[in-house]
Amino acid sequence: MKFRDFSLAEEKNDTAVMTFGRFQPITSAHETLIKQVGSLAKEKGAHPFVFTSRKSGDKKNPLDFNMKSDMLRKHYGVNVPDSEEITNPFQAAKHLGDAGYKNVHLVLGGDRVKDIGGMIKKYMGHEDPEKRIDISNLTLHSAGDRSVDKVSGTSVRAAARSGNVEAFRRMIAPSLGDKSSETLYRVLRGEQQLGEGIRQAFSYEDPDERDKRKQTEQEKQDFEDFKKKQNPDKIE
C-alpha cells in the first residue's frame, strides 16, 4: 500500500493523520501502524504523515534518519517531514499545527496512544506561544497492543546480531522486500558502515558473484606479491 505524497500547498486540507516511531528498524508491527495511518487518511480525506526520530549511532538506534525516511517513502509513499527540530511526538504535532492542520488524528500502539495523546492535549492552546500546539482537535487511534505478537525493534535487532535470519525475516516489515530487508540485516550486523547512504546500501550483489569477485581480487593480489618477490628493488 502506497499513499500519495501530499503537501498543504498543493491540496488545501486542514486534517492530518500522523504517527511517530523510532523505526529501528521497520518491523511488521510498524507496518500495521503505517497502513492504518494510510487507511485512516483515505477515510477522512486527510494527509498521511509518518514522523521518525533523528537519533542514531548507538546500539538502540543504529539506523540514521536518511536510511529510515528513504525506506518509508520508497515502500509506503508517506510524507516523512525532514526537520532537525522534530525529535518527539509533541514536536511532530506542533509541526502540523504550525503548517495549518487543525484536525489531527494520532495513531500509535495501544500502550502509548493515551499517554502521548494526553500530553499533547495539555499543550493545545497553551498560553506560551513557543510551547503551544496550534491544533483544534486531536483524535486518538490505537494500532493495537504491541505485546500480543511480541514484535519489537529490540527483538529484530537481536535476531540480526545473532544471525537468526529466519526470525529476522519473520519480524521485519514484509513490504520492504528482499533487498531492503537484506540491507537492514547487514547494517544491523555491522557488515556495512552505520549511516551509509541508502543508494549505496541498496547496491545488492549476488552472493555467487561476490565470491567470484573476491577470488579474482585475491588472485590479483597474489600475483602482485609474486612480482614483488621476483623484483625486490622495485618495491615502493
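Each value, and the rule that gives it
Residues numbered from 1 in each chain as written. Predicted model: local features only at pLDDT ≥ 70, side-chain atom pairs only at ≥ 80, totals over all residues. Heavy atoms only, no water. Buried < 20%, exposed > 50% of the residue type's maximum accessible area, 1.4 Å probe, protein only. Helix = DSSP H or I, 4+ residues; strand = E, 2+ residues; numbered from the N terminus. Pairing = 2+ DSSP bridges. Axes fitted to C-alpha atoms, helices over the stretch in contact; angles between N-to-C directions. Parallel < 35°, antiparallel > 145°, perpendicular 65-115°, else oblique. Left-handed = near helix turned anticlockwise from the far one by under 90°. Contact = heavy atoms within 4.5 Å. Nonpolar A, V, L, I, M, F, W, Y, C, P; charged D, E, K, R; others polar. Polar contact = N/O pair within 3.5 Å; in protein donor to acceptor, adjacent residues only side chain to side chain. Phe/Tyr/Trp six-rings, centres within 6.5 Å; stacked < 30°, edge-to-face > 60°. Lys NZ or Arg CZ within 6 Å of the ring centre and 35° of its normal. Arc of directions from axis to C-beta.

Caption draft 1: Spatial organisation of the pairing of strand E3 (residues 103–108). A large share of E3 lies buried, amounting to five of its six residues. Pairing of E3 with strand E4 (residues 137–142) involves six bridges; the strand directions are parallel. By the bridge assignment for E4, Asn103 is matched with Asn137.

Caption draft 2: Layout of the packing of helix H2 (residues 65–76) against helix H7 (residues 177–188). It is at 12 Å that the axes of H2 and H7 come closest, and there the two elements cross at 165°. Between H2 and H7, the angle falls in the class roughly antiparallel. In the packing of H2 onto H7, the handedness of the crossing is left-handed. Of H7, the residues touching H2 (which contributes Met67, Met71 and His75) are Ser180, Thr183, Leu184 and Val187. A per-class count over the contact of H2 with H7 returns four nonpolar, three polar and no charged.

Caption draft 3: Looking closely at the side chain of Asn79. Within the fold, Asn79 resides in the loop between H2 and helix H3 (89–98). Engagement of the side chain of Asn79 in a polar contact is seen with the backbone oxygen of Pro48, the distance being 2.8 Å.

Caption draft 4: Expanded view of the packing of aromatic side chains. Within this structure, the stated rule accounts for three aromatic pairs. A ring pair is formed by Phe49 and Phe51, whose centres lie 6.1 Å apart and whose planes are at 20°; its orientation type is stacked. The buried category is assigned to Phe49, whose relative accessible area is 7%. Given a relative accessible area of 1%, Phe51 falls into the buried group. Arranged with centres 5.4 Å apart and planes meeting at 80°, the rings of Phe49 and Tyr101 form a pair that is edge-to-face. Of this pair, Phe49 sits in strand E2 (residues 47–52) while Tyr101 is found in the loop between H3 and E3, placing the two residues 52 residues apart along the sequence. There is no split in this pair, since Phe49 and Tyr101 are both buried. A connected cluster of aromatic rings, assembled from ring pairs, spans Phe49, Phe51 and Tyr101. Over the ring of Phe65 we find Arg54, and its NZ or CZ is 4.1 Å from the ring centre.

Caption draft 5: Structural view of helix H5 (residues 153–162). Within H5 the residues assigned to the buried category are Gly153, Val156, Arg157, Ala159 and Ala160. Taken around the axis of H5, the buried residues stretch over an arc of 160°, which confines them to a single face. The first or second residue beyond H5 is Gly163, which carries a positive phi of 80°.

Caption draft 6: The arrangement of the environment of His141 in detail. By the secondary structure assignment, His141 is in strand E4. For the pair formed by His141 and Val17, sequence separation is 124 residues and the distance between their alpha carbons is 9.8 Å. Leaving out residues up to four positions away in the same chain, His141 has contacts with Gln36, Leu40, His105, Leu106, Val107, Leu108 and Val113. In terms of polar contacts, His141 uses its side chain to reach the side chain of His105, at 2.9 Å.

What is shown is where atoms sit, not what they do.
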